[in-house]
Amino acid sequence: MNIDYLEDQHMFHLQTKHMSYLLRVVRGNQLAHCYWGPRLETSALDYLPQYIHRGSFSPNPLPEDTNLSYDQLPREFPGYGDTDFRSPALEVEFADGSSVTHLEFVGYRIHRGKPKLTGLPATYVETNEDAVSLEVDLVDPVSQLSATLLYTVFTEHDVLVRSVSVQNGGAEPVLLRRILSASVDFPDSAYDLIQLSGTWGRERDVVTRRLVPGTQSIESRRGASSHQQNPFFALAESGTTLRHGQVFAFNLVYSGSFLASVEVDAFAQARAQIGINPFDFHWYLEPGETFQAPECVMVESSDGLTGMAQAFHRFYRKHLLRGTHRDTERPILVNNWEATYFQFDEDTLLDLAGVAAEVGAELFVLDDGWFGKRDSDRSSLGDWDVNLEKLPNGIVGLAERVHGLGMKFGLWFEPEMVSPDSALYRAHPEWTLQVQNRPQSEGRHQLVLDLSRPDVCDHLIERVGNVLASGPIDYVKWDMNRHMTEVGSLALPAHRQRETAHRYMLGLYRVLETLTERFPHVLMESCSGGGGRFDPGMLYYMPQTWTSDNTDAVARLRIQYGTSLVYPAVTAGAHVSAVPNHQVGRMTDLRTRAHVAMAGNFGYELDLTALPKSDLREIRSQIEWYKTIRPVVQFGDYYPLKSPFEGEGNDSAWMYLSTDGRVGVVTYVHVLAIANDAARRLCLTALEREARYRLEEMDGASVVRSGSELMQIGILLPVVRGDFQSWMWRLERLDETRGE
Ligand code: DGJ
């Protein structure tokens, strides 16, 4: 890992073990993008970028230099109106009404470590030896508006992270209309665009389309990163597979509305960008003020989608997730939501918790319905006082009894929301997002609190903090169940109304930072109607996310595969639930449900007290098995073996391997049975060819095979009888064959 500046060529070379990224200061003091890809052993690229005369429709900023037009120059942080007609990264309105920006290079700094981003989540270093950073200063000489681009490369990781801050060095306020976090100009556009799209209950479907001339974009305008689009996209060379092909990927560390776009220009170049969604956004920058844009994590992989996923996983596990829970195995939980919904009392919960403890669960989570008069989703959000009719001994009494059963105790909150039928709303109707004189739309009978207001944020810190301080609460599920409408704040002046949504995110991040700092022992899991805010911004504060409200094992194959392309298993909650499944009505075996849920942070979310003894015996042995594979699932390397998005999507397989290669776990799921089907084999990967491995089937036999056999011949899969069948194996390298 290194960052070099080659003075004679004005070239910056950012390097990781396997990747290079080159920038150059060129004619007109422009910061040009020269290369991003596998590591280059030279920085002597004086032939880049190319200058080609493009004629009068690509005008020339330096009139004597007709080969120079910003219309075709690969630029690192493009402004608007200075001969570049492509999508800008920065768009402003100056006090005189003009909007031309032309940023010129003025200086740079290279230093070890990585500075924090004020007010925003961002990847971090533990010591200055972990990373090296480059800061490049650009200034618009006419307006004195300046931008500082921050790039960091890490010693142990093949990633590049970048962000930008903009400072108003002029004498008048400047209106920021658009400030994207990353903009990369690719010299060609022969790529597929891969995105993770969906909706509630169907998050992160992998959608792939060919780039075409013009702009293709994905975005959220919902005030949350959203179920609909994840703040991620990748450009993959044609024919990219799980193991092969070059992929360039972008992931925004932000939980609000975002825009990601790729513009293919007339010269077949592609400009890829991501950042806060400029739609309904602006920000007034007073003289001397700075605006910090979120960070973007960029991965280049020459090893297909697996290489991309592994780079994100390894990096996020060490430099995004924080706190005492980062490196500790996550507890196996039982959550009461699908077991009881709102209908419970202390006895019901303790019955459920009793069985949970008997089968070996480690954490009991009380979900929605414990506070105010919350017997349905029509009331009480905001009134975080325990309902003593349901829980006469309070949360503390319940928590202590759960602890007495030998489990930890967790509690659900939805702090960002308020029910119109609540004491909080009656006292503070002005605390909700709203536009004066306009009716407010409800979603799930609730309104969104205005977290752009510091007083609302302080109130949340106090109310949630008081509950957490009141007793032995070990875990919090932080939910958020609707998107923003009628976005505006009664606390902001008219000219700042469009700042509301971003100010909300800054407020939320402050609340989370304060609470996680005050209660470091509490394991936080974020949730937004399932995986509606599964993004790196949330993961910075809460190291795990509820992947989806859809707990059906078959639907989860796609949801979990899409999620796994970016986010590591240790961040993804996966529970066994009842059949018929509450979201899709499907019947699947308990075994298959468990096999699929064991691909993440494992748990159960069904009425264990209603199950026959044989099911409870099976659950007990599932939990015992998961405990043996948990370290490799949560901290090992991930190898998708078969994508559920390939072909008919009738089967899916994945594997985790410990980083030392000694233990692994393999899962295969077959969806619909096929009469007289082909004989199938599952080839493993990344094993040592000559080593011998014990392959032990869950509830089945074990065999010993060499790595080369397992990779080249594979596991011979059983003939599948019945729909939704699955198999799981534990893999152990037998050291004696290696002379250890
Ligand atoms: C939505 C969550 O995703 C569910 O798991 C559950 O917590 C409900 N909210 C409770 O209202």
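Being a predicted model, the structure only gives us computed values, none of them experimental.

(A) Examining the sheet that holds strand β4 (residues 30-38) more closely. Strand order in the open sheet made by the 4 strands is β1-β2-β3-β4, with antiparallel pairing throughout. The outermost strands of the open sheet, each flanked by one partner alone, are β1 (2-6) and β4. Each adjacent strand pair in this sheet contributes to an overall mean axis angle of 15 degrees, direction not counted. Bridge analysis of strand β3 (residues 19-26) against β4 gives 8 bridges, and the strand direction is antiparallel. From the neighbouring strand, Y21 faces β4, where its bridge partner is W36.

(B) Structural detail: the site of the ligand. As a structural note, the neighbourhood of the ligand is formed by 13 residues, with D367, D368, K477, D479 and D549 the closest of them. Between an oxygen atom of the ligand and a side-chain N or O atom of D367, the distance comes to 2.6 Å. Separating an oxygen atom of the ligand from a side-chain N or O atom of W546 is a distance of 3.5 Å. In isolation the ligand has 290 Å² of accessible area, and contact with the protein removes 97% of it. Classifying every residue of the shell around the ligand by side-chain character gives 4 nonpolar, 3 polar and 6 charged.

(C) Expanded view of the packing of helix α10 (residues 590-597) against helix α11 (residues 613-635). In the contact formed by α10 and α11, the axes pass within 11 Å of each other and the chain directions differ by 25 degrees. Taken together, α10 and α11 sit at an angle that is classed as roughly parallel. Viewed along their axes, α10 and α11 form a crossing whose handedness is right-handed. Along the contact surface, α10 presents L590, R591 and A594, while α11 presents D615, E618, I619 and Q622.

(D) Seen up close, unusual backbone geometry. In this structure, P49 follows L48 across a cis peptide bond, with omega equal to -5 degrees. Position of P49 among the secondary structure elements: in the loop between β4 and β5 (90-93). P580 follows V579 through a cis peptide bond whose omega is -10 degrees. Tracing the backbone shows P580 in the loop between β29 (572-577) and α10. Backbone geometry at S226 places phi at a positive 95 degrees, although glycine is not the residue there. Structurally, S226 is set in the loop between β13 (214-219) and β14 (229-237). On the basis of relative accessible area, S226 is assigned to the buried category, the value being 2%. A positive phi angle, near 60 degrees, is found at H445, a position not held by glycine.

(E) Expanded view of the pairing of strand β11 (residues 191-197). Along β11, 7 of the 7 residues are buried, which leaves the element largely enclosed by surrounding structure. Along β11, one buried face is formed by Y191, L193, Q195 and S197 and the opposite face, lined by D192, I194 and L196, is buried too. Where β11 and β14 come together, 6 bridges link them in antiparallel fashion. Residue pairing for β14: L193 is matched across the bridge by L235. Note that β11 and strand β12 (residues 205-210) share 6 bridges and pair antiparallel. Bridge pairing links S197 to D205 in β12.

(F) Main features of the side chain of T516. You can see T516 is positioned in helix α7 (residues 500-518). For T516, a relative accessible area of 16% translates into the label buried. Of the polar contacts made by the side chain of T516, one reaches the backbone oxygen of L512; its length is 2.6 Å. Separated by 3.2 Å, the side chain of T516 and the backbone oxygen of E513 make a polar contact. Setting aside anything within four residues of it in sequence, one finds T516 in contact with R322, M524 and Y541.

(G) Summary view of the packing of aromatic side chains. If you walk through the whole model with that rule in mind, you get 36 aromatic pairs. Ring centres of F12 and Y108 lie 5.0 Å apart, and the angle between their planes is 75 degrees; this geometry places the pair in the edge-to-face category. Residue F12 is located in strand β2 (residues 11-15), and its partner Y108 is located in strand β6 (residues 104-112); the two are separated by 96 residues in the primary sequence. Aromatic side chains F371 and W384 sit 4.4 Å apart centroid to centroid with 50 degrees between the ring planes, which places their arrangement in the tilted category. One end of the pair, F371, is in the loop between β22 (363-366) and α4 (394-404); the other, W384, is in the loop between β22 and α4, with 13 residues separating them in the sequence. On the basis of relative accessibility, which here comes to 0%, the residue F371 falls in the buried class.

Rules behind the numbers
Residues numbered from 1 in each chain as written. Predicted model: local features only at pLDDT ≥ 70, side-chain atom pairs only at ≥ 80, totals over all residues. Heavy atoms only, no water. Pairing = 2+ DSSP bridges. Helix = DSSP H or I, 4+ residues; strand = E, 2+ residues; numbered from the N terminus. Axes fitted to C-alpha atoms, helices over the stretch in contact; angles between N-to-C directions. Near = heavy atom within 4 Å. Polar contact = N/O pair within 3.5 Å; in protein donor to acceptor, adjacent residues only side chain to side chain. Areas by Shrake-Rupley, 256 points an atom, 1.4 Å probe, with all protein chains shown as cover. Nonpolar A, V, L, I, M, F, W, Y, C, P; charged D, E, K, R; others polar. Parallel < 35°, antiparallel > 145°, perpendicular 65-115°, else oblique. Left-handed = near helix turned anticlockwise from the far one by under 90°. Contact = heavy atoms within 4.5 Å. Buried < 20%, exposed > 50% of the residue type's maximum accessible area, 1.4 Å probe, protein only. Phe/Tyr/Trp six-rings, centres within 6.5 Å; stacked < 30°, edge-to-face > 60°.

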